[in-house]
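Take a look at the letters that make up each chain.
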Amino acid sequence: MAERRSAAGEALGRLSEWADGHLGLLRSLSAGLAAAGLLLLARSVRLTTKFTNAVDIPVEFIEKNVKLRGKIHHVTEKGLEVEHIPISIPIVTSIQRKWQSKGLLLVRLAGVELAPSGMVWLQKELKPSQMVWFQLLGREDLALECRVLVNKGRFLSVCLNEEILRQGLGRTARIEGLHHDSRLYWKLHKRLLRAELKALKKNKGIWQEESFSERVRDRISNNKCVQTLKQFVNWLRSYI
């Protein structure tokens, strides 16, 4: 028994000597762990912060195209008014709620030129308090250029940007905020073009209206009476 106590005391003594000899290393290690803890805390605070203004969103969130969750409030001509719903961490979230301000984010469908019929469709499809995910692609003034996703069932989500074009309720436009030569830009732009092409082939939405008007113009121009009238006008001009 005495031998065991002696061995334990000797081991403790050696550990103390090692600690004294490597005091600087231990201090550095402690400082490193503390810094890592603060970094994780700062990161968790950012992830749990409720953004009420587009300007408050960190630049790195937009550069990394972070996805945020939100709740639909209104569909307007300027875009979707969305309440940001951040990640909830019990202790951090309860502290933040005391000083978080209220406000809505203005979210626009990136890469889409919305037709009037498209806004009507969105107002019917998106119900108040409906949850959506919006991927940050760019920021212009107080508006966010985003790819907006809506859950349809447990395992299926629909991209509103593509669905609008697929229904023929808008046209493909430049994706503001992304570099024109970036890989992500062309990946998303191709998907938007494919969605628009489907509507064009099926003559849906605005493409149906345009194809009808084009058919009317063709029939008028090919009408024999109209052609005769044009010939008469041309003959008359040559003698004036």
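Going by the structure above, here's the rest.
On a predicted model such as this, the values are computed, not experimentally measured, just so you know. (Residues numbered from 1 in each chain as written. Predicted model: local features only at pLDDT ≥ 70, side-chain atom pairs only at ≥ 80, totals over all residues. Heavy atoms only, no water.)

Colleague: Now, about the overall build of the protein chain: what can you tell me, with residues and values included?
Modeller: A tally of regular secondary structure across the protein chain gives nine helices and eight strands. Counting only residues that meet the buried cut, the protein chain has 31% of its 240 residues in that class. Of the contacts made within the protein chain by residues no fewer than 6 positions apart, 66% connect residues no fewer than 24 positions apart. Per element, the accessible surface of the protein chain, about 16700 Å² overall, is 58% carbon and sulfur. (Helix = DSSP H or I, 4+ residues; strand = E, 2+ residues; numbered from the N terminus. Buried < 20%, exposed > 50% of the residue type's maximum accessible area, 1.4 Å probe, protein only. Contact = heavy atoms within 4.5 Å. Areas by Shrake-Rupley, 256 points an atom, 1.4 Å probe, with all protein chains shown as cover.)

Colleague: Which residues make up the nonpolar core, and what are the values?
Modeller: Counting 37 residues, the largest nonpolar core has Ile 57, Leu 80, Leu 122, Phe 134, Leu 136 and Val 148 as its most contacted members. Look past the residues within four positions of Val 148 in its chain and what remains in contact with it is Leu 80, Val 107, Leu 109, Val 132, Trp 133, Phe 134, Val 158, Cys 159, Leu 160 and Asn 161. (Core = buried A, V, L, I, M, F, W, Y, C linked by side-chain atoms within 4.5 Å.)

Colleague: Talk me through the side chain of Thr 172; I want residue IDs and the actual numbers.
Modeller: Relative to the helices and strands, Thr 172 is located in strand β8 (residues 170–172). A residue is classified by how much of its surface remains accessible, and Thr 172, at 17% relative accessible area, is buried. In contact with Thr 172, other than residues within four places in its own chain, are Gly 111, Leu 165, His 189, Leu 192, Leu 193 and Glu 196.

Colleague: Tell me about the packing of aromatic side chains, residues and numbers included.
Modeller: As enumerated under the stated definition, the model contains two aromatic pairs in all. Seen from their ring centres, Phe 51 and Phe 61 are 5.9 Å apart, and the 90 degrees between their planes marks the pair as edge-to-face. Note that Phe 51 is positioned in the loop between α2 (23–48) and α3 (59–63) and Phe 61 in helix α3, a separation of ten residues in sequence. Like Phe 61, Phe 51 is buried. (Phe/Tyr/Trp six-rings, centres within 6.5 Å; stacked < 30°, edge-to-face > 60°.)

Colleague: An account of the pattern of salt bridges is requested, with residue identities and associated values reported.
Modeller: Counted under the stated rule, the structure contains seven salt bridges. With its nearest N and O atoms 4.0 Å apart, the salt bridge here joins Lys 152 to Glu 125. Residue Lys 152 is found in the loop between β6 (143–151) and β7 (157–159), and its partner Glu 125 is found in helix α5 (residues 116–125); the two are separated by 27 residues along the sequence. A salt bridge links Arg 166 to Glu 162, with the shortest nitrogen-to-oxygen separation between them at 3.4 Å. Placement of both Arg 166 and Glu 162 in helix α6 (residues 160–166) is noted, with a separation of four residues, approximately one turn of the helix. Of the residues examined, Glu 162 reaches a relative accessible area of 10% and is grouped as buried. Salt bridges here are not isolated pairs; linked through shared partners, they connect Glu 162, Glu 163, Arg 166 and Arg 191. (Salt bridge = Lys/Arg side-chain N within 4 Å of Asp/Glu carboxyl O.)

Colleague: Outline unusual backbone geometry, listing residues and values.
Modeller: Despite not being glycine, Asn 65 shows a phi value in the positive range, around 55 degrees. Residue position: Asn 65 is located in the loop between α3 and β1 (67–75). With a phi close to 60 degrees, Asp 141 is a non-glycine residue in the positive phi region. Mapped onto the fold, Asp 141 is located in the loop between β5 (131–140) and β6. Asp 141 gets classed as exposed once you look at its relative accessible area, which sits at 68%.

Colleague: Explain the pairing of β6 to me, using residue names and the numbers behind them.
Modeller: In terms of burial, β6 is a largely internal element, eight of the nine residues being buried. Of the pairings in the sheet, the one linking strand β3 (residues 105–109) to β6 comprises four bridges and is parallel in character. Residue pairing for β6: Leu 109 is matched across the bridge by Cys 146. Bridge analysis of β5 against β6 gives eight bridges, and the strand direction is antiparallel. Considered in β6, the bridge of Phe 134 is made with Val 148. (Pairing = 2+ DSSP bridges.)

Colleague: Describe a positive patch on the surface, listing the residues and the values that go with them.
Modeller: There is a patch of like positive charges on the surface, built from Lys 190, Arg 194, Lys 198 and Lys 202. Among the secondary structure elements, Lys 190 is positioned in helix α7 (residues 183–201). (Patch = residues over 30% accessible without salt bridge, like charges linked within 9 Å, V, L, I, M, F, W, Y side chains within 5 Å. Lys, Arg positive; Asp, Glu negative; His and termini not counted. Charge placed at Lys NZ, Arg CZ, Asp CG, Glu CD.)

Colleague: If you had to explain α5 to someone new, which residues and values would you point to?
Modeller: Taken residue by residue, α5 has Gly 118, Met 119, Trp 121 and Leu 122 as its buried positions. Here the buried residues of α5 occupy an arc of 160 degrees about the axis, which is enough to place them on one side. Seen from the buried face of α5, the exposed residues on the opposite side, beyond 90 degrees, are Pro 116 and Lys 124. Summarising the contacts, the buried residues of α5 are in contact with β1, β2 (80–84), β3, β4 (112–114) and α6. (Arc of directions from axis to C-beta.)

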